[in-house]
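So you can see what is in the structure, the chains are spelled out below.
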Amino acid sequence: MTDYAVTKDWPDTITFDRIHALARRGYRACLGVKGDDSGFARIDLWHPRTTGPNAPPKLTIWSNGIVATSQLLWPAKHVPQEDGSIPDWQKFIDVADGDIFRNFVDTVPMPTLMDLYVRPGIQHARVFSARFVFGFSLCGIIAAAFLLIGKLAG
């Protein structure tokens, strides 16, 4: 069996280290997302905190270690550009920018109990209520149709 030296400088090692760091701050992976033909694999990440002034952005981490977003990485540090565009340092973190990545991870707030349990529970209750009302209405309509057919036939 051949021995391989694993170094911290390989892009896949950097990618896994970054995924673990983001997961410790509350990010979760969206697995099963259809890939594209860019030649790199990716994992989309989302954070349970979706509201508030410091809501972390949805991220994409590529197999080469680059972290990217279409939102702002640091909303508090955003200075609007003259042309209205987002500067590159607010959209992605390169593999070589280890200090910038650690700075970003340190600014990501941990999810609270409200983010993890209360808001999802309320959302599930809303969906359940809507389905319950729809099912109850459908049963009422079917029962009324049978009554109408019974009166017309009899």
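Conventions used here
- Residues numbered from 1 in each chain as written.
- Predicted model: local features only at pLDDT ≥ 70, side-chain atom pairs only at ≥ 80, totals over all residues.
- Heavy atoms only, no water.
- Core = buried A, V, L, I, M, F, W, Y, C linked by side-chain atoms within 4.5 Å.
- Buried < 20%, exposed > 50% of the residue type's maximum accessible area, 1.4 Å probe, protein only.
- Helix = DSSP H or I, 4+ residues; strand = E, 2+ residues; numbered from the N terminus.
- Contact = heavy atoms within 4.5 Å.
- Pairing = 2+ DSSP bridges.
- Axes fitted to C-alpha atoms, helices over the stretch in contact; angles between N-to-C directions.
- Parallel < 35°, antiparallel > 145°, perpendicular 65-115°, else oblique.
- Left-handed = near helix turned anticlockwise from the far one by under 90°.
- Nonpolar A, V, L, I, M, F, W, Y, C, P; charged D, E, K, R; others polar.
- Phe/Tyr/Trp six-rings, centres within 6.5 Å; stacked < 30°, edge-to-face > 60°.
- Lys NZ or Arg CZ within 6 Å of the ring centre and 35° of its normal.
- Patch = residues over 30% accessible without salt bridge, like charges linked within 9 Å, V, L, I, M, F, W, Y side chains within 5 Å.
- Areas by Shrake-Rupley, 256 points an atom, 1.4 Å probe, with all protein chains shown as cover.
- Salt bridge = Lys/Arg side-chain N within 4 Å of Asp/Glu carboxyl O.

What to know about the nonpolar core
And step 1. With 15 residues, the main nonpolar core has Leu22, Tyr27, Leu59, Ile93, Phe101 and Phe104 as its most contacted residues.
And step 2. Elements supplying a minimum of two residues to this core: helix H1 (11-24), strand S3 (59-62) and helix H2 (98-107).
And step 3. Not counting the four nearest positions on each side in its chain, Tyr27 is found in contact with Leu22, Leu45, Trp46, His47, Pro56, Pro57, Leu59, Phe104 and Val108.

Considerations on the sheet that holds strand S2 (residues 42-46)
And step 1. Spatially, the 5 strands line up as an open sheet ordered S1-S2-S3-S4-S5, and their pairing is antiparallel. Looking at which strands have only one partner, the edges of the open sheet turn out to be strand S1 (28-30) and strand S5 (92-93).
And step 2. With 2 bridges joining them, S3 and strand S4 (residues 67-68) adopt antiparallel strand pairing. Paired with Ile61 across the two strands is Val67, which belongs to S4.
And step 3. With respect to the sheet, H1 is in contact with S2, S3, S4 and S5, its orientation differing from that of S3 by roughly 155°.

Structural notes on the packing of H1 against H2
And step 1. The contact between H1 and H2 brings their axes to 10 Å, and the two run at 20°. Relative to H2, H1 is oriented roughly parallel. Every pair of crossing elements has a handedness; the one defined by H1 and H2 is right-handed. Taking contact as the criterion, the partners of Arg18, Ala21 and Leu22 in H1 are, on H2, Gly98, Phe101, Phe104 and Val105.
And step 2. Looking at the contact of H1 with H2 residue by residue, the class counts come to 5 nonpolar, 1 polar and 1 charged.

Some remarks on the packing of aromatic side chains
The description of two aromatic rings rests on the distance between their centres and on the angle between their planes.
And step 1. What the rule picks out here adds up to 1 aromatic pair.
And step 2. Considering the side-chain rings of Phe128 and Phe132, the 6.1 Å spacing of their centres and the 25° angle between planes classify their relative orientation as stacked. You can see Phe128 and its partner Phe132 sitting in helix H3 (residues 113-153), 4 residues apart, about one turn around the helix.
And step 3. Residue placement shows Arg18 over the ring face of Phe101; its charged tip is 4.7 Å from the ring centre.

Some thoughts on a nonpolar patch on the surface
And step 1. Residues Leu113, Met114, Tyr117, Val118 and Ile122 make up a contiguous nonpolar surface patch of roughly 520 Å² in combined accessible area.
And step 2. Looking at the element boundaries, Leu113 is found in helix H3.
And step 3. Looking at Leu113, the relative accessible area reads 61%, which means it is exposed.

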